[in-house]
Amino acid sequence: MPEVFSLSIDEVLRSLLDDALVKGAQYGDIRYGKYRSQTVSVRDHLVESIEDDASEGVGIRVLVDGGWGFASTPDLSPDVLNATLLRAIEVAKASASLRPEPVSWPDLPPQVGRFETPVKEDPFTVPIQERIEMLLATTEACLSQEGCFRATAETFCGEENRRFFSTQGCDITQKVVRLSPDLMAWGKGRDGKVRTRGYQVPPLTIGYEHIRQADLPGNGARVGREAVERANAPQGPSGKLDLVLDPAHLALTIHESIGHATELDRACGWEADFAGTSFLKTSDIDTLQYGSKWVNVQGDRTLPHGQSTLGWDDDGVPVTEFKIIEEGVFRGFSSTRDSAYLQGEEGAGRACGHADSWANTPILRIPNVWLKPTPGPQAPTKDDLVASVKRGVLIQGRGSFSIDQQRFNFQFGGDAFWEIRDGKVRGMYSDVTYRSITTQFWNACDGVAGEDDWLPHGVRNCGKGQPSQQGQQTHGASWSVFRGIQVGDAN
Amino acid sequence: MEPTDLRSSLSEALKDRSLEHLSLSLDEERLDLTRVANNGVTQHTSRHDRTLVATAWDGQKVGAASTTDLSTGGIKATILRAEDAARLAPENPETLPPMDGVGVVEGEAWDEATAHMTAQERVAIIAPSAQAAGKAGRTLAGTVSSGWEATTLVTSQGANLFHRGSRGGVSGTLTDPSGGSYRVSSESTWNLFQLNPKKLLHSLEQQIAPGSSTPQEPGEHRVLLSAGAVGSLVVWCLAMGEARGTDEGRSPFSENGFPLREDGRLLSKGVSLWTDPSHSALRTAPFDEEGHPLQKRVWVEDGYLKSLPCDRYWATQTERQSTGSSWNLGLTVQGEGSSDEELLNKVEEGMFIPRFWYIRTVEPMTMGLTGLTRDGLRQVKGGALGARLQNLRFNDSPLRILGTIVAAGKPQLVSHWGVRMWVPPLVVDGFRTTSTAPGE
């Protein structure tokens, strides 16, 4: 057990839960968190910042008279922790005074255990000097390309130590390690036009081996060259075209048009004031044709190295894998322990309760939501998909993205674009956007490549909730093709 | 629980430094927030958080570390981590030491009732509207927040700064069974009760038009934008306006960016954009995270671009005055102050847009943005509000939109991304929508 989880802290926290029951709570849980992260950022030939951040505190949640209360503090002295419990109880009592129905909180057998991200090389043992040299070599490789005038690169290494106790006997220890490198280059074209190109490496829960494997320096020259090529490229086309999308790009499309749309709290109005609702209703389960037969989408907090992967969610529910879309048919929503009943689940839900730190209360967050590759040796390859396109665009990476609050209408850009004509990839375009309605888009999917093309890209900074919380999810996918999508509205 | 002025102990901790310079900056907050959905409280939180950032300088080498542990040992350990990081950093010729000559600055924007509202008081603000919604077969979702924030900053160059501000907000979205919805909000203010939050929430009841929504053909329209909608567009000027990026040709304000009008103006005649931490409605901290003193600055005056936020390093390179980073924004339009009715009368055929959603850049060099309407898009005909419309996606630039102002109403306090803004509702021409979304 990590040093921070000293017996004395455990005893204090357990004693607080006993007090919560004495003071009238029907249920209570406590999350202790100790977080650390290191971020090294370089710009051109300079180190812009080296940041070593730490955060520690406790969040206490209680259910009193059927209403939720939550209070948090960074001060671990017994007096302050007791006062924090009293704040949580005061808040819960006020909540109960305006609740048409009490909170649903299904019982769960006591959960006791430990989870740790599998890590080969602890990122915090890698000397910062080594990270600096690697990043500077990367930006210098970018800037070696004529016309590339700016490059930024960064490594983020994070560690989350979480402890969870509940009045129902939960005692859970979890350690999550996050890694994400980043690289961006700016190119200036012959006519002064400026465009960027990135190298979007999947952010994962994993060790430093991931950054070594990504080989940022080895990709620097390519990224710099493509930034300039993009700045010199013609504007993209308009009209209905076929799209071949890479896994890095699809990650965001999946996130916005499937991940958020299939959050049960949104569909049931809990987020109507801010994050929005969903075009989906619970009556759409097992009936709505969300996509074509190629579209099989899993919700999955067990995915190896997924950003949302751990052992238990922040409601103490063991993580699970479940079907969201099966051969195009919508199968169900992501859910939490207190929302599961809304879609007729009998158990404690699909373990999607998550708080971004000890300071915030758990809310329903998108799990890892990933598109299954087409199985077997007959699966199409990326080249097969390109060959099937007479006139279209190949899009790599994430760019501009926007979707309405009910998740109907989205418009996406990308990081790099190439013309496809007569089954072959041609020259680059500078800018392309496409727009569709969620179900029309996924029903236009006409091929998903196989396992060899599958990559676990994802999202590092998904904002949701009031107060706003940041979420991280992995949205793996293989290259896929979509027919007749509207391109170029933003031109 | 009160904000802690730790200048004395942090100044003492400055003596522990082993490198040339050190700054210690403490941000602390208490945020109490009541969340309602489907006419009941779904989430209710009381958050106390703080972050102490130590930044150490070894000549032109700099490193930073942060902690939530304010014990003497915790602060010392954080200073050591920052100094370790600084020693590892290569020299950065753009690094400047902590600002000299700042001295002692104290400020506050404090309302006791906003800072220390109880949980039951917050519920009491929103409960009448939630209960009325339930009786009418409608659903209310919304928030009431209260609390405070405080910043303490001391540096080895003698800066000794403290600011505390109460902070509250209110929002409410009412949804009718027919699918119509409308939102009122003002989510960041130092004095919640000046907004009369109960009355604001109560006003929702009259805002949803009966019947069902109809699709509107996308195209270019004259539109009336609520102050909130205006705020969510102009905030991009603050986000993307920066002197260095502009000089280096990476900004919409660059020569290769958004084109100026024939008369040399960037925006319509009579339009000004400014920041002012002392504005009575905005009241933000009088210094930024570096301790840079903040004062009123006018970025656009009478439509002409006058200056842009400039950091200290770039100021030394370009013989400008550094400005610091202000987290507020104001938009003034000559002749503003029209009533809602007068504004509607300026729209013979068009739309009323109360709220935007999910605005993102499409073309950064022209501030080309995309986003959608939500919660109450209405047709306007003959100067009167008409039927509810299905949502529309736009692709347009705030710089173009602020160049087509037809009329402006009375400025209001709005916020977006936590930026407090003082902006009027506007009637603008040629607002470019490109597709419909079937919902509202």
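Residues numbered from 1 in each chain as written. Chains lettered and ligands numbered in written order. Predicted model: local features only at pLDDT ≥ 70, side-chain atom pairs only at ≥ 80, totals over all residues. Heavy atoms only, no water.

Focus: the domain arrangement of chain A
Residues and elements named next belong to chain A. Applicable threshold: By convention here, the domain bounds are inherited from an automatic or database domain assignment. Every residue pair with non-hydrogen atoms within 4.5 Å of one another is taken to be in contact. Buried area counts how much accessible surface, traced with a 1.4 Å probe, disappears from two parts once they are put together, with both parts' losses summed. Here a salt bridge means any side-chain nitrogen of Lys or Arg lying within 4 Å of a carboxyl oxygen belonging to Asp or Glu. Whenever two N or O atoms come within 3.5 Å, that pair is a polar contact, provided that in protein one can donate a hydrogen and the other can accept it, and provided that, for residues adjacent in sequence, both atoms are side-chain atoms. Helical segments are the DSSP runs of H or I of at least four residues, strand segments are the runs of E of at least two, and each set is numbered from the N terminus. Throughout this entry, Asp, Glu, Lys and Arg are counted as charged residues, while Ala, Val, Leu, Ile, Met, Phe, Trp, Tyr, Cys and Pro are counted as nonpolar. The remaining residues, Gly among them, count as polar.
Taken domain by domain, chain A comprises domain 1 (7-232) and domain 2 (239-487). Each of domain 1 and domain 2 has a C-alpha centre, and these two points are 21 Å apart. Contacts between domain 1 and domain 2 engage 55 residues on the former and 45 residues on the latter. Between domain 1 and domain 2, roughly 4,000 Å² of surface is buried when both sides are summed, and carbon and sulfur atoms account for 51% of that area. Interface area lost by domain 1 to domain 2 is led by Arg31, Gln200 and Arg230, which between them contribute 16%. Here Asp431 ties to Arg195 by a salt bridge, and the two come within 2.9 Å at their closest N and O atoms. Between the two partners, domain 1 and domain 2, sit 27 residue pairs in polar contact (both at pLDDT 80 or more). Take the side of domain 1 that touches domain 2: its biggest share by element is 6 residues, from strand S2 (residues 46-64). Its residues assigned to classes, the side of domain 1 that touches domain 2 shows 23 nonpolar, 16 polar and 16 charged.

What about the packing of aromatic side chains?
Rules: Two rings from Phe, Tyr or Trp (for Trp, the six-membered ring) form a pair when their centres are within 6.5 Å of each other. A pair whose planes differ by under 30 degrees is stacked, one over 60 is edge-to-face, and the rest are tilted. Exposure classes here rest on a 1.4 Å probe applied to the protein chains alone. A residue is buried below 20% of its type maximum, exposed above 50%, and partly exposed in between.
Per the stated rule, a full pass over the model turns up 24 aromatic pairs over all chains. Between the aromatic rings of Phe401 of chain A and Tyr358 of chain B, the centroid separation amounts to 5.9 Å while the plane-to-plane angle is 75°, which identifies the pairing as edge-to-face. Of this pair, Phe401 of chain A sits in strand S17 (residues 401-403) while Tyr358 of chain B is found in strand S15 (residues 356-363), placing the two residues in two different chains. The class of Tyr358 of chain B is buried, set by a relative accessible area of 12%. For the ring pair Phe410 of chain A and Phe441 of chain A, a centre distance of 5.1 Å and an interplane angle of 85° mean the geometry is edge-to-face. Remark: Phe441 of chain A occurs in helix H9 (residues 438-443) and Phe410 of chain A occurs in strand S18 (residues 409-412); sequence separation between them is 31 residues.

Details of the nonpolar core
Residues and elements named next belong to chain B. To keep things clear, this is the line we draw: Here, nonpolar core means buried Ala, Val, Leu, Ile, Met, Phe, Trp, Tyr and Cys residues that are tied together by side-chain atoms lying within 4.5 Å of each other.
Counting residues in each nonpolar core, the largest one holds 50 residues, and the members touching the most others are Leu225, Leu331, Phe356 and Leu426. A total of 10 residues in this core trace back to one element, the largest contributor, which is helix H6 (residues 227-240). Filtering out sequence-adjacent residues up to four positions away, Leu331 remains in contact with Val230, Val234, Val271, Ser272, Leu273, Trp274, Glu336, Leu402, Trp422, Val423, Pro424 and Leu426.

Overview of the interface of chain B and chain A
What counts is decided by this rule: Should DSSP find at least two bridges between two strands, the strands are taken to pair.
Listed per partner, the contact involves 80 residues of chain B and 76 residues of chain A. Across the chain B to chain A interface the summed buried area is about 6,000 Å²; carbon plus sulfur atoms make up 50%. Taken together, the connections running from chain B to chain A amount to 6 salt bridges. Of the charged contacts, one joins Arg43 of chain A and Glu94 of chain B as a salt bridge, the two residues approaching to 2.6 Å between their closest N and O atoms. Ranked by residues supplied to the side of chain B that touches chain A, first place goes to strand S2 (residues 40-58) of chain B with 11 residues. Grouping the amino acids of the side of chain B that touches chain A by side-chain chemistry returns 26 nonpolar, 33 polar and 21 charged. Pairing analysis gives 3 bridges linking strand S3 (residues 67-73) of chain A to S2 of chain B, with the strands arranged parallel. Across the sheet, residue Ala71 of chain A finds its bridge partner in S2 of chain B, namely Ser46 of chain B.

Remarks on the sheet that holds strand S12 (residues 304-305) of chain B
Residue and element names in this part refer to chain B. Read from one edge to the other, the open sheet built from 6 strands follows the order S12-S11-S10-S13-S22-S21, with strand pairing classed as mixed. Each of the sheet's edge strands pairs with one partner strand only, and the pair in question is S12 and strand S21 (412-416). Summarising the sheet, strand S10 (residues 271-275) and strand S11 (residues 297-301) pair through 3 bridges and their orientation is antiparallel. Bridged to Trp274 within S11 is Val298.

Focus: the pairing of strand S16 (residues 368-373) of chain B
Residues and elements named next belong to chain B. The element S16 is largely enclosed, with a buried count of 6 among its 6 residues. Two successive antiparallel strands, S15 and S16, enclose a turn made up of 4 residues, where Met367 displays a positive phi of approximately 55°. Pairing geometry for S16 and strand S19 (residues 392-396), over 4 bridges, is antiparallel. Of the residues in S19, the one forming a bridge with Leu372 is Arg393.

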